[in-house]
Amino acid sequence: MHKRNSRLLIAVAAAAAAGTILAGCSAGGGGDAGEGGVTTVQFWHRTFTPVENEWYANIVKQFNESQDEIKVVDTEAPADAWDQKMKSAQAAGKAPDIYTFSASITDAVNAGQLHELNGLVPEDKLDEIIEPAQPISQIDGKYYAYPLLLEPQTVLFWNKDLLSAAGLDPETGPTTWDELFDMCAAIKPTLADGQYCISPASDAVTFAWSSVGQQYNFSGHTALNEDWTAPDIDDDGYRQLMENYKTLWDEGYMAQQALDVYVGGKDFGEEKVAFKVSGSWMMSEIGSDYSDVLPKTGIGAFPNAADADGRGATTLGNFRWVIDAKSKNAQAAADFLTWALAGDPELLVPFFVDTQFTKVPVRQSVQDAVSADEASADAPWSSIVMNDIVPTAIPEPTYPWDVSLAVGTAMESVMKGAASTDDAIKTAEDAINTVIQRDDLPSKAPKS
């Protein structure tokens, strides 16, 4: 499965709400100890890229061969069918014992869907999870998920040849939006028909999840106030962010019909754009599918607001493993999780090497092992991701998806001229207030 298709799942699934997989009554899918006292654990994961799928198959095979008390049965589900498959399994009481998870855990925990990991996974293994990965894995100090990776969701890529043709420094991307506008003004006259300066997010659903870091970058906060009692989007920062996208649209710096999905790299690989905004994973696609473009690809942090004051402009996406709250074999599932994700770092090195150093390990020992791999010398972008982008990134929001979608809808409507910033913000505020009341968000706000 192509990387762009696996990442498209994030946008499509998000539109149905982060908690889609929570529908139905959950029950563990594994059986009790069977013949010979062997416990069977059902493990489901989405279809990812070929190298990721191979790693998943191998890690299950290696675990099963490493001991004779637990048998893990691996099921790979197509990305575009994942939500329906999980929903049906849960409704039938046949949810897997352990599975991959990419949404906010808040709704899942509040709904009683996820098993607490404290007490199942050794505390010293939980303590190894690096600080940036903790907010997506635990609530009020209790862990409900163990992350496999982090990956910046908003990264800027550029075609060095197209920058050079416009008389620009091919090694340096824009650091601010003003610099981006200036560079686009220089690039636009040099482009052929069908080429554009930049390919950013351009629809409400994609804006909803990909712009959260930019919202923080411009405003110093995200869409809700701290106690989740009111929206917090009526300020100059949010207005300026929306107006900046309107400038990209109005000046013709971006196509008015998307050339590719945000999560994909085809438009960049085919050299239809000078700049592409996507997640760090896109470099893996360029390396595998457009190897001739790889040497001319620059990568850097997404441009900042003029007064960002050290704030970055991206969230950290992730995939985590979770254990079903009603699993009959929770400890066995946790033993597999601990062995695979929290055990020998060398078990994880192939995953990060084969995905071309585009993802961040969540344990320092794994980061060290990956950095020591000799192939890292051929992936200079790895240090940019780790040193220039990740340190200022923020976790994904834990509030409901509908809050993010209200902001994404406002951003699209302003960009395309369908609404003024004032009207778009007012509409978004009304939508967010509805969510606050409907879901009683103040009672679910983070306690710290």
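Further up the page is the structure itself.
The sections below set out a description of the structure shown in this document. Since this is a predicted model, take the numbers as computed values, not measurements. Throughout this description, residue numbers start from 1 for each chain and increase along the sequence as written. Confidence filtering applies because this is a predicted model: local features only for residues at pLDDT of at least 70, side-chain atom pairs given and counted only at 80 or more, and all residues used for totals across whole chains, interfaces and linings. Hydrogens and waters are ignored; side-chain quantities use all the structure's heavy atoms.

## Thoughts on the sheet that holds strand 7 (residues 155-159)
- Two strands qualify as a pair provided that DSSP identifies no fewer than 2 bridges between them. Secondary structure elements are taken from DSSP: a helix is a run of H or I of four residues or more, a strand is a run of E of two residues or more, and numbering for both begins at the N terminus. Strands sit in the order 8-9-7-10 across an open sheet of four strands; the sheet is mixed. A strand with exactly one partner marks an edge of an open sheet, and here the two such strands are strand 8 (196-199) and strand 10 (297-301). Strand-to-strand twist across the sheet, computed as the mean angle between neighbouring axes with direction ignored, equals 20°.
- Of the strand pairs in this sheet, strand 7 and strand 9 (residues 273-278) are connected by four bridges, and their pairing is antiparallel. Whenever a helix is involved, its axis is fitted only over the stretch in contact; in every case the axis is a line through C-alpha atoms, and angles between N-to-C directions fall within 0 to 180 degrees.

## Quick notes on the state of the cysteines
- Only a pair of cysteine sulfur atoms within 2.5 Å counts as a disulfide in this structure description. By the definition in use, this model includes one disulfide.
- Disulfide pairing is shown between cysteine 184 and cysteine 197; the S-S distance is 2.1 Å. Handedness of the cysteine 184-cysteine 197 disulfide follows from its S-S torsion of about -80°: it is left-handed. Of the two residues, cysteine 184 sits in helix 7 (residues 177-187) while cysteine 197 sits in strand 8, which places them 13 residues apart along the sequence.
- Using a relative accessible area of 0% as the deciding quantity, one classes cysteine 184 as buried. Think of it in three bands: with a 1.4 Å probe and only protein chains considered, a residue is buried below 20% of the maximum accessible area for its type, exposed above 50%, and partly exposed in between.

## What about the packing of helix 7 against helix 10 (residues 236-250)?
- Their axes nearest at 11 Å, the elements helix 7 and helix 10 cross at an angle of 5°. Regarding the angle of helix 7 to helix 10, the classification is roughly parallel. For the pair formed by helix 7 and helix 10, the contact residues are Trp177, Leu180 and Phe181 on the first element and Leu241, Asn244, Tyr245, Thr247 and Leu248 on the second.
- For this scheme, ten residues count as nonpolar: Ala, Val, Leu, Ile, Met, Phe, Trp, Tyr, Cys and Pro. Four count as charged, namely Asp, Glu, Lys and Arg, and the remainder, Gly too, count as polar. Of the residues contributing to the contact of helix 7 with helix 10, the split by class is six nonpolar, two polar and no charged. If an angle is under 35 degrees, it is roughly parallel; if it is over 145, roughly antiparallel; if it lies from 65 to 115, roughly perpendicular; otherwise it is oblique. Only heavy atoms matter for contacts: two residues are in contact if any of them lie within 4.5 Å across the pair.

## Side note on the packing of aromatic side chains
- Paired rings are identified among Phe, Tyr and Trp, the last through its six-membered ring, by centres lying within 6.5 Å, and are further divided according to the angle between planes into stacked (under 30 degrees), edge-to-face (over 60) and tilted (the rest). A complete count under the given rule lists 21 aromatic pairs for this structure.
- Ring geometry for tryptophan 177 versus phenylalanine 218: centroids 6.4 Å apart, planes at 70°, classification edge-to-face. Placement of the pair is tryptophan 177 in helix 7 and phenylalanine 218 in helix 9 (residues 212-219), with a sequence separation of 41 residues. Each member of the pair, tryptophan 177 as well as phenylalanine 218, is classed as buried.
- A ring pair is formed by tryptophan 209 and tyrosine 262, whose centres lie 5.4 Å apart and whose planes are at 85°; its orientation type is edge-to-face. Placement of the pair is tryptophan 209 in helix 8 (residues 204-210) and tyrosine 262 in the loop between helix 10 and helix 11 (266-269), with a sequence separation of 53 residues.
- Taking relative accessible area as the criterion, tyrosine 262 reaches 6% and is therefore assigned buried.
- Taken together, the ring pairs in this structure connect Phe43, Phe48, Trp55, Tyr56, Phe63, Phe319, Trp321, Phe336, Trp339, Phe351 and Phe352 into an aromatic cluster.
- The side chain of arginine 311 reaches across the aromatic face of tyrosine 216, ending 5.9 Å from its centre. Cation placement over rings: the criterion is NZ of Lys or CZ of Arg within 6 Å of the ring centroid and within 35° of the ring normal.

## Some words on the pattern of salt bridges
- Any Lys or Arg side-chain nitrogen located within 4 Å of an Asp or Glu carboxyl oxygen qualifies as a salt bridge. For the coordinates displayed, the defined rule picks out 15 salt bridges.
- Linking glutamate 271 and lysine 296 is a salt bridge whose minimum nitrogen-to-oxygen distance equals 3.4 Å. Pair noted here: glutamate 271 is in the loop between helix 11 and strand 9 and lysine 296 is in the loop between helix 12 (282-289) and strand 10, with a separation of 25 residues, a long-range link.
- Owing to a relative accessible area of 19%, lysine 296 belongs among the buried residues under this scheme.
- Ionic pairing is found between glutamate 412 and lysine 416, a salt bridge with its closest N-O pair at 2.7 Å.

## Considerations on unusual backbone geometry
- In this model, tryptophan 228 sits at a positive phi of 60°, which is unusual for a non-glycine residue.
- Following the sequence through the fold, tryptophan 228 ends up in the loop between helix 9 and helix 10.

## Comments concerning the packing of helix 17 (residues 401-415) against helix 18 (residues 421-438)
- Following both chains from N to C, one finds helix 17 and helix 18 inclined at 170°, their axes separated by 9 Å at the closest point. For the element pair helix 17 / helix 18, the angle class is roughly antiparallel. Taken together, the residues of helix 18 that come into contact with helix 17 (itself represented by Asp402, Val403, Ala406, Val407, Ala410, Ser413 and Val414) are Thr421, Ala424, Ala428, Ala431, Ile432, Val435 and Arg438.
- Of the residues assigned to the contact of helix 17 with helix 18, the class counts are ten nonpolar, two polar and two charged.

## Quick notes on helix 16 (residues 381-389)
- Taken residue by residue, helix 16 has Trp381, Ser382, Val385 and Ile389 as its buried positions. Along the long axis of helix 16, the arc covered by the buried residues comes to 120°, so they all point the same way.
- Buried-residue contacts for helix 16 involve strand 6 (146-152), strand 7, helix 12 and strand 10. To be clear, the arc concerns the directions from the helix axis to the C-beta atoms.

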